[in-house]
Amino acid sequence: MNIQANNLYAELQSMASQASSQTIRPNNEINPFAQAQKVNNPSSANFGELLEQAVNNVNDLQKTSGELKNRLEMGDRSVSLAETMIASQKAGIAFEATVQVRNKLVEAYKTIMSMPV
């Protein structure tokens, strides 16, 4: 995949202008970045803080899934198999989304670093 620097820069500018003109709302609880999207004004929010909130949300989903799995394995009758599987799938989807975001960030960083000055 060959990305031109000017096209990338223009796309980033258009995305920044869209983000500053809209308030982002969470889609649903499966979205790993739902906590990060609750910020009222994303243009004033620090990107690092948003990313940290998203990663913490994914971590919480992973912990919840692990706890439900342990409780189910120990025979806790208050936990159902369906509930455990849904929590596990949510955690897996959130983790995969986080990995994809990380991959895109690394790719963008490499592209920007290879731009001539």
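Keep in mind the model is a prediction, meaning the values are calculated, not measured.

Helix and strand counts for the chain stand at three helices and zero strands. Listing the helices and strands of the chain from first to last along the sequence gives α-α-α. Put simply, the chain has 117 residues, and 20% of those count as buried. In the chain, the proportion of contacts linking residues at least 24 apart, taken out of those at least 6 apart, comes to 43%.

Moving on, we come to the pattern of salt bridges. Across all of its chains, the model carries one salt bridge by this definition. Of the charged contacts, one joins Arg71 and Asp76 as a salt bridge, the two residues approaching to 2.9 Å between their closest N and O atoms. A residue is classified by how much of its surface remains accessible, and Arg71, at 37% relative accessible area, is partly exposed. Of the residues examined, Asp76 reaches a relative accessible area of 28% and is grouped as partly exposed.

Running from amino to carboxyl end, helix H2 (residues 47–73) crosses helix H3 (residues 81–113) at an angle of 150 degrees, the nearest separation of the two axes being 9 Å. Comparing their axes, H3 and H2 come out roughly antiparallel. Along this stretch, H2 crosses H3, giving a crossing that reads as left-handed. Across the interface between the two elements, Phe47, Leu51, Val55, Val58, Leu61, Gln62, Ser65, Leu68, Lys69 and Leu72 from H2 touch Leu81, Glu83, Thr84, Ala87, Ser88, Lys90, Ala91, Gly92, Ala94, Phe95, Thr98 and Leu105 from H3. For the contact of H2 with H3, a count of residues per class yields 13 nonpolar, six polar and three charged.

Our focus in this paragraph is H2. The terminal C-alpha atoms of H2 lie 39 Å apart, and with 27 residues this matches the ideal 39 Å at 1.5 Å per residue to within 8%. All buried positions along H2 are accounted for by Leu50, Ala54, Asn57, Val58, Leu61, Ser65 and Leu68. In the stretch just after H2, Gly75 is the one whose phi turns positive, near 95 degrees.

Taken together, the side chains of Tyr109, Ile112 and Met113 make up a nonpolar region of the molecular surface, amounting to roughly 350 Å² of accessible area. Along the polypeptide, Met113 turns up in helix H3.

Let's shift gears to the confidence of the model for the chain. Looking at the chain, the pLDDT average stands at 78 and 62% of residues meet or exceed 70. Ranking the elements of the chain by mean pLDDT puts helix H1 (residues 5–21) last, at 65, and H3 first, at 94.

Thresholds, definitions, all that
- Residues numbered from 1 in each chain as written.
- Predicted model: local features only at pLDDT ≥ 70, side-chain atom pairs only at ≥ 80, totals over all residues.
- Heavy atoms only, no water.
- Helix = DSSP H or I, 4+ residues; strand = E, 2+ residues; numbered from the N terminus.
- Buried < 20%, exposed > 50% of the residue type's maximum accessible area, 1.4 Å probe, protein only.
- Contact = heavy atoms within 4.5 Å.
- Salt bridge = Lys/Arg side-chain N within 4 Å of Asp/Glu carboxyl O.
- Axes fitted to C-alpha atoms, helices over the stretch in contact; angles between N-to-C directions.
- Parallel < 35°, antiparallel > 145°, perpendicular 65-115°, else oblique.
- Left-handed = near helix turned anticlockwise from the far one by under 90°.
- Nonpolar A, V, L, I, M, F, W, Y, C, P; charged D, E, K, R; others polar.
- Expected span 1.5 Å × (residues − 1).
- Patch = residues over 30% accessible without salt bridge, like charges linked within 9 Å, V, L, I, M, F, W, Y side chains within 5 Å.
- Areas by Shrake-Rupley, 256 points an atom, 1.4 Å probe, with all protein chains shown as cover.
- pLDDT = per-residue confidence, 0-100.

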